[in-house]
Amino acid sequence: MNKKPFVTKEQIEEIAKTYPTPFHLYDEKGIRENAKRVKEAFSWNPGFREYFAIKATPNPFLVDILREYGCGCDCSSETELMLCDAIGAKGEEIMFSSNDTPEEEYALAAKLGAIINLDDITHIDFVEQILGKLPETMSCRYNPGGVFTLSNGIMDNPGDSKYGMMTEQIFEAYRILKSKGVKRFGIHAFLASNTVTNEYYPQLAKQLFELAVKLEKETGADIAFINLSGGVGIPYRPDQEPNDILAIGEGVRKVYEEVLVPAGMGDIAIYTEMGRFMMGPYGALVTKAVHEKHIYKEYIGVDACAANLMRPAMYGAYHHITVLGKENAPCDHIYDVAGSLCENNDKFAIDRNLPKIDMGDYLFIHDAGAHGFSMGYNYNGRLRSAEILLQEDGTAKLIRRAETPKDYFATFDCFDFYKNLKFEK
Ligand SMILES: *Cc1c(COP(=O)(O)O)cnc(C)c1O
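Our subject in this report is the structure included herewith. (Residues numbered from 1 in each chain as written. Predicted model: local features only at pLDDT ≥ 70, side-chain atom pairs only at ≥ 80, totals over all residues. Heavy atoms only, no water.)

### Regarding the overall build of the protein
Argument step 1. Scanning the protein for helices and strands turns up 12 helices and 19 strands.
Argument step 2. Taking 2.2 N^0.38 as the reference for a compact globule, 425 residues should give roughly 22 Å; the C-alpha atoms of the protein span a radius of gyration of 23 Å, in line with that estimate.
Argument step 3. Structurally, the protein occupies a C-alpha span of about 70 × 55 × 40 Å along its principal axes.
Argument step 4. Buried positions account for 52% of the 425 residues belonging to the protein.
Argument step 5. In the protein, the share of contacts with a sequence separation of at least 24, taken over all contacts with a separation of at least 6, comes to 69%.
Argument step 6. On the protein, roughly 19200 Å² of surface is accessible, and the fraction owed to carbon and sulfur atoms is 50%. (Helix = DSSP H or I, 4+ residues; strand = E, 2+ residues; numbered from the N terminus. Rg over C-alpha atoms; globule rule 2.2 N^0.38 Å. Buried < 20%, exposed > 50% of the residue type's maximum accessible area, 1.4 Å probe, protein only. Contact = heavy atoms within 4.5 Å. Areas by Shrake-Rupley, 256 points an atom, 1.4 Å probe, with all protein chains shown as cover.)

Written out as structure tokens, the structure reads:
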């Protein structure tokens, strides 16, 4: 499949007059169409809610768009909770799925009325001590251990992951929670990441539905929701088949009818916590070619670096690149596309077939809308870029300004040398 940018060279030239590259650009139209499909895919389940994983793209303007489609917020830290509070998310619109959680974060989650999803059985006492009394609704994160395999060979290794409770522990946790007055229960699990197959959610759902039936029978707990969490993937590579969320929703419906309905549990709400699937394809890192270097290999140096998009450096992740204005040119050059960090893994592409790149060309790095900007960092004193929303009417709206040196040095402002810094902006 040909991966097409959601913006043209001419549009970028226009935007760059006001906001210099690099920047993260988001496609409002794409975000809305996808959010609508997700809602439709699970419309058979009256209690359904997608809790957008804030960590993927913690921008209030983008989260607000999703909230128009009924989405809640999935938080895992104090600042994520603060963000959701600030945009008016309340109570059960917030899921708090954290791990290794500090006291004060549980306290804030409880204060906002968020649903607390416990990562571990020892957190029952921990939360009770902080809050005095447990909330009436609580969720537990499950880890079945072993290996989770899908038929296309995708697998993940829950047995090696730090998250969740073992099978015996979740039964014990439910009994304890019930004895401490908890009335409504949830189950949560995240067993495989970036699954590009329609099978993942249905297979996970089956496992969790069967667990729910046993849990309810053995502990008498009233299970109100099952949270399939994140992990629904996107096709980073052009040869990958995208997931069909309607087929995924239908797959979950089928196992719901097979397992939960006959057990008299047909009133359970389905929750999801997708991040990547909601935002990934609808964001891009836009960067300009500023240097070319001919040594043992051919290099194109761009004005973005791994501090703006860490996935290639961190995971060796593939991100497709389109040279804007050269969409139909032959890809007859082989380049490494590099950033400026003093780290040799700062490469957006290695040995990539691309059209001939000229200095000043704009590169559109696809699928940076989730776990892109948010994983940014300041190594080498590099600053975080702006985030811009390409609105449905084709105009650009700044939704986060770029960092300035003042932001970078802000945590020194209580020290003497700070006053010697010469800020031009
Ligand atoms: C990261 C995360 C998500 C989102 O994962 P995606 O792969 O982006 O869908 C959801 N829930 C929890 C608890 C997470 O840690």
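### Thoughts on the site of the ligand
Argument step 1. In the vicinity of the ligand there are 15 residues, among which Lys55, Glu273, Gly275, Arg276 and His371 approach most closely.
Argument step 2. At a separation of 2.7 Å, an oxygen atom of the ligand approaches a polar side-chain atom of lysine 55.
Argument step 3. Between the ligand and the protein, one listed contact pairs an oxygen atom with a backbone N or O atom of glycine 231 at 3.1 Å.
Argument step 4. With the chains in place, 90% of the 390 Å² that the ligand exposes on its own is no longer accessible.
Argument step 5. Grouping the constituent residues of the shell around the ligand by class yields three nonpolar, seven polar and five charged. (Near = heavy atom within 4 Å. Polar contact = N/O pair within 3.5 Å; in protein donor to acceptor, adjacent residues only side chain to side chain. Nonpolar A, V, L, I, M, F, W, Y, C, P; charged D, E, K, R; others polar.)

### Some remarks on helix α9 (residues 245–260)
Argument step 1. Here α9 is 16 residues long and its end C-alpha atoms lie 21 Å apart, about the 22 Å a rise of 1.5 Å per residue gives.
Argument step 2. By the burial criterion, the buried members of α9 are Ile245, Ile248, Gly249, Gly251, Val252, Val255, Tyr256, Val259 and Leu260. Buried residues along α9 cover an arc of 155° about the axis, so they all sit on one side.
Argument step 3. Between a side-chain oxygen at the N-terminus of α9 and the backbone nitrogen of leucine 246 the separation is 3.0 Å; the capping residue is aspartate 244. (Expected span 1.5 Å × (residues − 1). Arc of directions from axis to C-beta.)

### A word on unusual backbone geometry
Argument step 1. Note that the residue after threonine 21, namely proline 22, is joined by a cis bond; omega there is 0°.
Argument step 2. One can find proline 22 in the loop between α1 (9–18) and β1 (23–27).
Argument step 3. Even without being glycine, asparagine 194 reaches a positive phi, approximately 45°.
Argument step 4. Tracing the backbone through its elements, the reader meets asparagine 194 in the loop between β9 (184–188) and α8 (200–219).
Argument step 5. At aspartate 367, a position not held by glycine, the phi torsion is positive, near 60°.
Argument step 6. Topologically, aspartate 367 is positioned in the loop between β17 (362–365) and β18 (386–390).

### Things to note about the packing of α8 against α9
Argument step 1. Where α8 meets α9, the axes come as close as 9 Å, and the angle between the chain directions of the two elements is 25°. Classed by the angle they form, the pair α8 and α9 counts as roughly parallel. You can see that α8 and α9 cross each other, and the crossing is right-handed. Facing α8, whose interface residues are Tyr201, Pro202, Ala205, Lys206, Phe209, Glu210, Ala212 and Val213, α9 presents Ile248, Gly251, Val252, Val255, Tyr256, Val259 and Leu260.
Argument step 2. Partitioning the contact of α8 with α9 into residue classes produces 12 nonpolar, one polar and two charged. (Axes fitted to C-alpha atoms, helices over the stretch in contact; angles between N-to-C directions. Parallel < 35°, antiparallel > 145°, perpendicular 65-115°, else oblique. Left-handed = near helix turned anticlockwise from the far one by under 90°.)

### With respect to the packing of helix α4 (residues 78–86) against helix α5 (residues 103–111)
Argument step 1. At a minimum axis separation of 9 Å, α4 and α5 run at an interaxial angle of 20°. In terms of their interaxial angle, α4 and α5 are classed as roughly parallel. Remark: the crossing between α4 and α5 carries left-handed chirality. Every residue of α5 that contacts α4 at Glu78, Leu81 and Met82 is listed here: Glu105, Leu108 and Ala109.
Argument step 2. When its residues are assigned to classes, the contact of α4 with α5 shows four nonpolar, no polar and two charged.

### Brief notes about the nonpolar core
Argument step 1. If you look at the biggest cluster of nonpolar residues, it comprises 88 residues, and the most contacted ones within it are Ile170, Ile187, Tyr201, Phe209 and Ile223.
Argument step 2. With nine residues, the top contributor of residues to this core is α8.
Argument step 3. Not counting the four nearest positions on each side in its chain, isoleucine 170 is found in contact with Cys140, Tyr142, Met165, Ile187, Leu211 and Leu215.
Argument step 4. If you look at the next biggest cluster of nonpolar residues, it comprises 17 residues, including Leu285, Ile300, Leu354 and Ile357. (Core = buried A, V, L, I, M, F, W, Y, C linked by side-chain atoms within 4.5 Å.)

### A word on the pairing of strand β3 (residues 72–75)
Argument step 1. Residues Gly72 and Asp74 line one face of β3 and the alternating positions Cys73 and Cys75 line the opposite face, and both faces are buried.
Argument step 2. As judged from the three bridges shared by strand β2 (residues 49–53) and β3, these two strands associate in the parallel manner. In the sheet register, alanine 53 faces β3, and the bridge partner there is aspartate 74.
Argument step 3. Each parallel crossover has a hand, and the one from β2 via helix α3 (residues 60–67) to β3 is right-handed.
Argument step 4. Note: β3 against strand β4 (residues 94–97), three bridges, orientation parallel. Paired with cysteine 73 across the bridge in β4 is isoleucine 94. (Pairing = 2+ DSSP bridges. Right-handed = clockwise from strand over helix to strand, strands pointing away.)

### Regarding the packing of aromatic side chains
Argument step 1. As enumerated under the stated definition, the model contains 17 aromatic pairs in all.
Argument step 2. On the basis of an interplanar angle of 5° and a centroid distance of 4.5 Å, the ring pair of phenylalanine 42 and phenylalanine 48 is categorised as stacked.
Argument step 3. Residue phenylalanine 42 is classed as buried on the basis of its relative accessible area of 0%.
Argument step 4. Its relative accessible area of 16% is what places phenylalanine 48 among the buried residues.
Argument step 5. Geometrically, the ring pair formed by phenylalanine 225 and tyrosine 271 is stacked, given 4.6 Å between the ring centres and 25° between the ring planes. Here phenylalanine 225, found in strand β10 (residues 223–227), pairs with tyrosine 271, found in strand β11 (residues 269–272); they are 46 residues apart in sequence, far enough to count as distant.
Argument step 6. Members of the aromatic cluster, each reached through a chain of ring pairs, are Phe42, Trp44, Phe48, Phe209 and Tyr256. (Phe/Tyr/Trp six-rings, centres within 6.5 Å; stacked < 30°, edge-to-face > 60°.)

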